[in-house]
Number of protein chains: 2
Amino acid sequence: MSSADAPPVAGGSLLIAWQLNSKNVLIVGGGEVASQRIDSILATDAAHITVLAPAKGLHTRTKELIDAHTSRITYYDRRFSGPAEIHKMDMVLTALDDVNRSREICEMCRKARIPVNAADIPELCDFYFGAQIRDGPLQIMISTNGNGPRMAALVKDKIRKALSGGEGEAIERVGALRAKLKERAPGVGGQLGRRRMKWMSQVCNTWEIDDLTRLDDAAITKLLDEGWEKNTVPSPQQLFHCSKFAHSQVSISKTWPVLGSFVLGAVCTTLVFLARRR
Amino acid sequence: MSSADAPPVAGGSLLIAWQLNSKNVLIVGGGEVASQRIDSILATDAAHITVLAPAKGLHTRTKELIDAHTSRITYYDRRFSGPAEIHKMDMVLTALDDVNRSREICEMCRKARIPVNAADIPELCDFYFGAQIRDGPLQIMISTNGNGPRMAALVKDKIRKALSGGEGEAIERVGALRAKLKERAPGVGGQLGRRRMKWMSQVCNTWEIDDLTRLDDAAITKLLDEGWEKNTVPSPQQLFHCSKFAHSQVSISKTWPVLGSFVLGAVCTTLVFLARRR
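Because the structure is a prediction, the values reported are computed rather than measured. (Residues numbered from 1 in each chain as written. Chains lettered and ligands numbered in written order. Predicted model: local features only at pLDDT ≥ 70, side-chain atom pairs only at ≥ 80, totals over all residues. Heavy atoms only, no water.)

### So, the overall build of chain A
Thinking step 1. The helix and strand inventory of chain A stands at ten helices and nine strands.
Thinking step 2. For chain A, the residues scored as buried account for 45% of the 278 residues in total.
Thinking step 3. Approximately 13700 Å² of chain A is accessible, and the part contributed by carbon and sulfur atoms is 54%. (Helix = DSSP H or I, 4+ residues; strand = E, 2+ residues; numbered from the N terminus. Buried < 20%, exposed > 50% of the residue type's maximum accessible area, 1.4 Å probe, protein only. Areas by Shrake-Rupley, 256 points an atom, 1.4 Å probe, with all protein chains shown as cover.)

Structural data, given as structure tokens:
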């Protein structure tokens, strides 16, 4: 939802991760909302974007994006001309002030069964956008089902603060570990497949996110040699043969108010005793 | 992704909230993964589900769901028979052990431009599922882009812990506030629309989630009378004329280790002094 004024939508949505590899996305319009749409599609690293909008109406940000991503964006300085525009498109996003034009485009797309989103006209949309967080392979979407982007942004802030920032890297390293494991123990399904899944789950369940980020290629080889091959899951301490420096840092920062209070209590009591001695 | 063994996917996905109001979803298969798919679609409160699977292969959970939701699920005790099955469907999900059959169904869907997901065969999918959190109108999706459901579950746990549990209700109350405001100041866009959006944003930015959950119908009327009409945003304290009980509870629970340490410090020092006196 792009507008704070959009009406609430009955029923929940199905949140899905749509695949845009080698797909064509048409964006009709060049204003601020169009620039947000371009940003969203660029973030997928996958689709080719076509932008249709008269140059005189382009938002500064839209212009910047078109100029900066010439290999991914094809720009036409004109209005939407008719059904031929959506031919060969896999997804269409309209971001127009003209509600009637948006409605026409949506109807064409629905006939051609092309997924379509019309900014600010929720009843015409096959799907909505939401607040997003991306950290490498990790993607998080927050949807309030049309109950306002401000609340989605508040929840997004809460989530951002709860994440360490290492999650994306940890997920990448786990992906690398799984790939190396599959080289050692190849094949799909069966008993080996089940053992592989179980061992990977144990690693993810017993290692902390911060520990997983330390799995460089050498550590992965060591973990497979000393873990997988011996049918066990070593702890990060066992694998790296060193104390958990990062963790003690965290716990010191959490315990200093407690330590400080202990000292303060001791000092106050000493003062009381000294005062009474006089 | 349903399998821990799924390969990582190149490029990010576009996370979207797909609308399933009055849509038809076909699920082919009746095993455990099929039951998870049924759960996902039921959670949207919106689509009608058709399940195609021989009764002898139904998972207990699948059978339970079919029996419990007869008005939303139509069940046929047979295998997928051919292209006629996908006629009138808006989305198709396969959850079959037979990879070749899944592939055939996906090809039929792609020809008919019907969005399709094939469990465990990422390269055939138009979209993936991810770990989900739902709290009323709030929906959150976590995708690792095929790098394993375990990591998605870890991130989901972190997010769950970071949320107070009041977010869904707060979003609902903000939706109710916006609806009431639009009754007082109707119309789309223009100067009034901008003022309305700005005022709503200020409320969301200055009120805490827990405060927003206290906006019952009477409080909404009061907030509009004392806030919107006077072009200001009263604080929750001003509106409710009482101290923030909930907040002081939280801070007590956070400060007790510090208080405890102070007392412990005092007691230890007293003991030292008493010991030295003897």
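### Describing the UniProt feature "domain: Siroheme synthase central" (unreviewed entry) in chain A
Thinking step 1. Annotation from UniProt places "domain: Siroheme synthase central" (unreviewed entry) at residues 135-161 of chain A.
Thinking step 2. The distance separating the terminal C-alpha atoms of residues 135-161 of chain A is 13 Å; by composition the span is 48% helix and 26% strand. (UniProt positions renumbered as here; feature names shortened; annotations may be inferred.)

### Structural notes on the confidence of the model for chain A
Residues and elements named next belong to chain A.
Thinking step 1. The predicted model of chain A has a mean per-residue pLDDT of 87, with 90% of residues at 70 or higher.
Thinking step 2. Below pLDDT 50 for its whole length, residues 1-10 participates in 32 contacts with residues either more than four positions away or in separate chains.
Thinking step 3. Contacts for the low-pLDDT stretch residues 243-251, under 50 throughout, to residues beyond four places or in other chains number five contacts. (pLDDT = per-residue confidence, 0-100. Contact = heavy atoms within 4.5 Å.)

### Notes on the interface of chain B and chain A
Thinking step 1. Taken residue by residue, the interface counts 82 residues in chain B and 82 residues in chain A.
Thinking step 2. The junction of chain B with chain A conceals about 7500 Å² of combined surface from both sides, 61% of it contributed by carbon and sulfur atoms.
Thinking step 3. Seen at the junction of chain B and chain A, the total is three salt bridges.
Thinking step 4. For the salt bridge of Arg113 of chain A with Asp90 of chain B, the shortest nitrogen-to-oxygen distance reads 4.0 Å. (Buried area = accessible area lost by both parts, 1.4 Å probe. Salt bridge = Lys/Arg side-chain N within 4 Å of Asp/Glu carboxyl O.)

### Comments concerning the pairing of strand β3 (residues 48-52) of chain B
Residue and element names in this part refer to chain B.
Thinking step 1. Burial runs high along β3: four of the five residues are buried.
Thinking step 2. Here strand β2 (residues 24-28) pairs with β3 via five bridges, running parallel. Counterpart to Ile27 in the pairing with β3 is Val51.
Thinking step 3. Where β3 and strand β4 (residues 73-76) come together, four bridges link them in parallel fashion. Note on β4: the bridge partner recorded for Ile49 is Ile73.
Thinking step 4. On the question of chirality, the crossover connecting β3 to the parallel β4 by way of helix α2 (residues 60-68) is right-handed. (Pairing = 2+ DSSP bridges. Right-handed = clockwise from strand over helix to strand, strands pointing away.)

### Comments concerning the pattern of salt bridges
All names here are of chain A.
Thinking step 1. Under the defined criterion, the tally for this structure stands at 23 salt bridges over all chains.
Thinking step 2. Residue Arg61 is joined to Asp39 by a salt bridge in which the shortest nitrogen-to-oxygen separation is 3.0 Å. Note that Arg61 is positioned in helix α2 (residues 60-68) and Asp39 in helix α1 (residues 32-42), a separation of 22 residues in sequence.
Thinking step 3. According to the relative accessible area criterion, Asp39 is partly exposed, its value standing at 32%.
Thinking step 4. The partner of Glu229 in a salt bridge is Arg184, with the nearest N and O atoms 2.7 Å apart. Taken together, the residues span a long stretch of sequence, with Glu229 in the loop between α8 (217-228) and α9 (236-240) and Arg184 in helix α5 (residues 167-184) at a distance of 45 residues.

### Topic: the environment of Leu224 of chain A
Thinking step 1. Along the polypeptide, Leu224 of chain A turns up in helix α8.
Thinking step 2. Of the residues examined, Leu224 of chain A reaches a relative accessible area of 2% and is grouped as buried.

### Brief notes about the relation of the copies chain B and chain A
Thinking step 1. Between the two copies, chain B and chain A, the superposition gives an RMSD of 0.7 Å; the rotation angle is 179 degrees and the shift along the axis is 0.0 Å. In the structure described here, the two chain copies are related by an operation that fits a two-fold rotation axis. (Least-squares fit on C-alpha atoms with pLDDT ≥ 70 in both.)

### A closer look at a nonpolar patch on the surface
Thinking step 1. A cluster of nonpolar side chains, contributed by Phe262, Val263, Val267, Leu271 and Leu274 of chain A together with Leu264 of chain B, occupies part of the molecular surface with about 510 Å² of accessible area.
Thinking step 2. The element best represented in the nonpolar patch is helix α10 (residues 245-277) of chain A, accounting for five residues.
Thinking step 3. With respect to the secondary-structure elements, Leu264 of chain B resides in helix α10 (residues 245-277).
Thinking step 4. Taking the relative accessible area as the measure of exposure, Leu264 of chain B reaches 46% and is therefore partly exposed. (Patch = residues over 30% accessible without salt bridge, like charges linked within 9 Å, V, L, I, M, F, W, Y side chains within 5 Å.)

### Focus on unusual backbone geometry
Residue and element names in this part refer to chain B.
Thinking step 1. Of note, Lys88 is a non-glycine position whose phi angle comes to about 70 degrees, a positive value.
Thinking step 2. When you line up the elements, Lys88 lands in the loop between β4 and β5 (91-94).
Thinking step 3. Positive phi outside glycine occurs at Arg113, with the angle close to 55 degrees.
Thinking step 4. Mapping Arg113 onto the fold places it in the loop between α3 (99-111) and β6 (116-118).

### Quick word on the sheet that holds strand β3 (residues 48-52) of chain A
Residues and elements named next belong to chain A.
Thinking step 1. Reading across the sheet, the five strands line up as β4-β3-β2-β5-β6 and stay open at both edges, with parallel pairing between neighbours. Across the chains shown, the open sheet's two edge strands, defined by having one partner strand only, are β4 (73-76) and β6 (116-118). Sheet twist, expressed as the mean angle between neighbouring strand axes with direction ignored, is 15 degrees.
Thinking step 2. Relative to β6, helix α3 (residues 99-111) is tilted by about 170 degrees, and along the sheet it contacts β2 (24-28), β5 (91-94) and β6. (Axes fitted to C-alpha atoms, helices over the stretch in contact; angles between N-to-C directions.)

### A look at the sheet that holds strand β7 (residues 127-128) of chain B
Thinking step 1. Pairing in this open sheet of four strands is antiparallel, and the strands run β7(A)-β1(B)-β1(A)-β7(B) from one edge to the other. Edge positions in the sheet fall to β7 (127-128) of chain A together with β7 of chain B, since each of these pairs with one other strand and no more.
Thinking step 2. Where β7 of chain A and strand β1 (residues 14-18) of chain B come together, two bridges link them in antiparallel fashion. Looking across to β1 of chain B, one finds that Tyr128 of chain A is bridged to Ala17 of chain B.

### Regarding the packing of α5 of chain A against helix α4 (residues 149-162) of chain B
Thinking step 1. Contact geometry of α5 of chain A with α4 of chain B gives a least axis separation of 10 Å together with a crossing angle of 160 degrees. Judged by the inter-axis angle, α5 of chain A sits roughly antiparallel to α4 of chain B. For the pair α5 of chain A and α4 of chain B, the crossing hand works out as right-handed. Contact residues: Glu167, Ala170, Ile171 and Val174 of chain A in α5 of chain A; Met151, Val155 and Lys158 of chain B in α4 of chain B.
Thinking step 2. Of the residues belonging to the contact of α5 of chain A with α4 of chain B, the class tally is five nonpolar, no polar and two charged. (Parallel < 35°, antiparallel > 145°, perpendicular 65-115°, else oblique. Left-handed = near helix turned anticlockwise from the far one by under 90°. Nonpolar A, V, L, I, M, F, W, Y, C, P; charged D, E, K, R; others polar.)

### A short note on the nonpolar core
Thinking step 1. Core analysis: the biggest nonpolar cluster contains 62 residues, and Ile140 and Ile142 of chain A together with Ile140 and Ile142 of chain B have the highest contact counts within it.
Thinking step 2. The residues contacting Ile140 of chain B, other than those within four sequence positions of it, are Leu15, Ile140, Met141, Ile142, Val155 and Ile159 of chain A together with Ala131, Gln132, Ile133, Ile159 and Leu163 of chain B.
Thinking step 3. With 50 residues, the next largest nonpolar core counts Phe129 of chain A together with Leu20, Val51 and Ala53 of chain B among its residues. (Core = buried A, V, L, I, M, F, W, Y, C linked by side-chain atoms within 4.5 Å.)

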